[in-house]
Amino acid sequence: LSHGDFCPWNILMYKNQMKLIDWELAKDRPLGFDLFTYICQVSLLFNPECELLQVIDEHNILIEQYFTTCGVKDYLPYLKSFATEKANYEKNKGNSKAFEKYHQLENILSPKESGTEQESSDYSGIFDLPSDQFSVSEFCDRYDERFVQ
């Protein structure tokens, strides 16, 4: 079960215990959803212009420790699932700025099919590493080399 909006503003201290409130978004979701939510939402609150891929990279050690503890070597599919759900959620809420941030992250993690705006060959070399050896840092380096000028 995922809280769905696991952020500081939904955590209260009561008699020296943490209590989570605001459970209306709770449902079954992929592993790490609440961790990604906390990291991204707090980052967007304090810096609305931040790039979420960079935010994820800055928290890579924590994220890798979390997923390793859970027996998962490659968290990128979980991150992609998170980005897709958050983009859809923000779009449905009409929050265009947040939608664009999550949609951008989703697109970076999703090579396009042939025949679409961005051919899959545009991503050649980015996804070449075996998934158990693929880190966000390596992804960022490869992405920056190819798409950021």
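Provided above is the structure to which this section pertains.
First things first, this report covers the structure right here in the doc. Here the structure is a predicted model, which means the values were calculated and not measured.

1. Here we look at the side chain of E106
(1) Moving on: In this structure, E106 sits in helix α5 (residues 96-109).
(2) Moving on: For the buried residue E106, which engages in no salt bridge, the nearest side chain bearing the opposite charge is K80, 5.7 Å off.
(3) Moving on: Polar side-chain contacts of E106 include one of 2.9 Å to the side chain of T84.
(4) Moving on: Beyond its immediate chain neighbours, meaning those up to four positions away, E106 contacts A83, T84 and A87.

2. Digging into the layout of surface pockets
To find leftover empty space, a probe the size of one water molecule is rolled over the atoms.
(1) Moving on: For the largest pocket, the calculated volume is near 390 Å³.
(2) Moving on: Q41, E90, K93, N95 and A98 are the residues nearest the centre of the largest pocket, which is lined by 20 residues in total.
(3) Moving on: Residue contributions to the lining of the largest pocket peak at 5 residues, all from helix α4 (residues 76-93).

3. Focus on the nonpolar core
It is characteristic of soluble globular proteins that their nonpolar side chains tend to be buried jointly.
(1) Moving on: Ranked by size, the top nonpolar core spans 26 residues in total, and within it F36, I63, Y75, L79 and Y102 carry the most contacts.
(2) Moving on: Listed by contribution, the elements that provide at least two residues to this core are α1 (33-46), α2 (52-58), α3 (60-69), α4 and α5.

4. Considerations on the packing of α1 against α3
(1) Moving on: Close contact between α1 and α3 brings their axes to 11 Å; oriented N to C, the two are set at 170°. Comparing the axis directions of α1 and α3 gives the class roughly antiparallel. From α1, L35, F36 and I39 reach across to α3, where they touch L62, I63, Y66 and F67.
(2) Moving on: Here the residues of the contact of α1 with α3 sort into 7 nonpolar, no polar and no charged.

5. Describing the pattern of salt bridges
(1) Moving on: For the structure on display, the rule yields 5 salt bridges.
(2) Moving on: With a closest N to O distance of 3.8 Å, E51 and K101 form a salt bridge. Here E51 is found in the loop between α1 and α2, whereas its partner K101 is found in helix α5, with 50 residues between them in sequence.
(3) Moving on: The buried category is assigned to K101, whose relative accessible area is 13%.
(4) Moving on: Ionic pairing is found between K86 and E90, a salt bridge with its closest N-O pair at 4.0 Å. In this pair, K86 and E90 are both assigned in helix α4, 4 residues apart and thus about one turn of the helix distant. Each member of the pair, K86 as well as E90, carries the same accessibility label: buried.
(5) Moving on: Salt bridges here are not isolated pairs; linked through shared partners, they connect K27, R29 and E85.

6. Considering the environment of L25
(1) Moving on: For L25, the position within the fold is in the loop between β2 (17-20) and α1.
(2) Moving on: On a C-alpha basis, the gap between L25 and F6 in space is 9.7 Å, while along the polypeptide they are 19 residues apart.
(3) Moving on: Setting aside residues no more than four positions away along its own chain, L25 makes contact with S2, H3, G4, D5 and Y89.

Criteria and thresholds
Residues numbered from 1 in each chain as written. Predicted model: local features only at pLDDT ≥ 70, side-chain atom pairs only at ≥ 80, totals over all residues. Heavy atoms only, no water. Helix = DSSP H or I, 4+ residues; strand = E, 2+ residues; numbered from the N terminus. Buried < 20%, exposed > 50% of the residue type's maximum accessible area, 1.4 Å probe, protein only. Lys, Arg positive; Asp, Glu negative; His and termini not counted. Salt bridge = Lys/Arg side-chain N within 4 Å of Asp/Glu carboxyl O. Polar contact = N/O pair within 3.5 Å; in protein donor to acceptor, adjacent residues only side chain to side chain. Contact = heavy atoms within 4.5 Å. 1 Å grid on protein atoms, 1.4 Å probe; cavity = no way out; pocket = protein on both sides within 12 Å on 5 of 7 lines; lining within 4 Å. Points joined across faces, edges and corners; volume = space filled by probe spheres on them. Core = buried A, V, L, I, M, F, W, Y, C linked by side-chain atoms within 4.5 Å. Axes fitted to C-alpha atoms, helices over the stretch in contact; angles between N-to-C directions. Parallel < 35°, antiparallel > 145°, perpendicular 65-115°, else oblique. Nonpolar A, V, L, I, M, F, W, Y, C, P; charged D, E, K, R; others polar.

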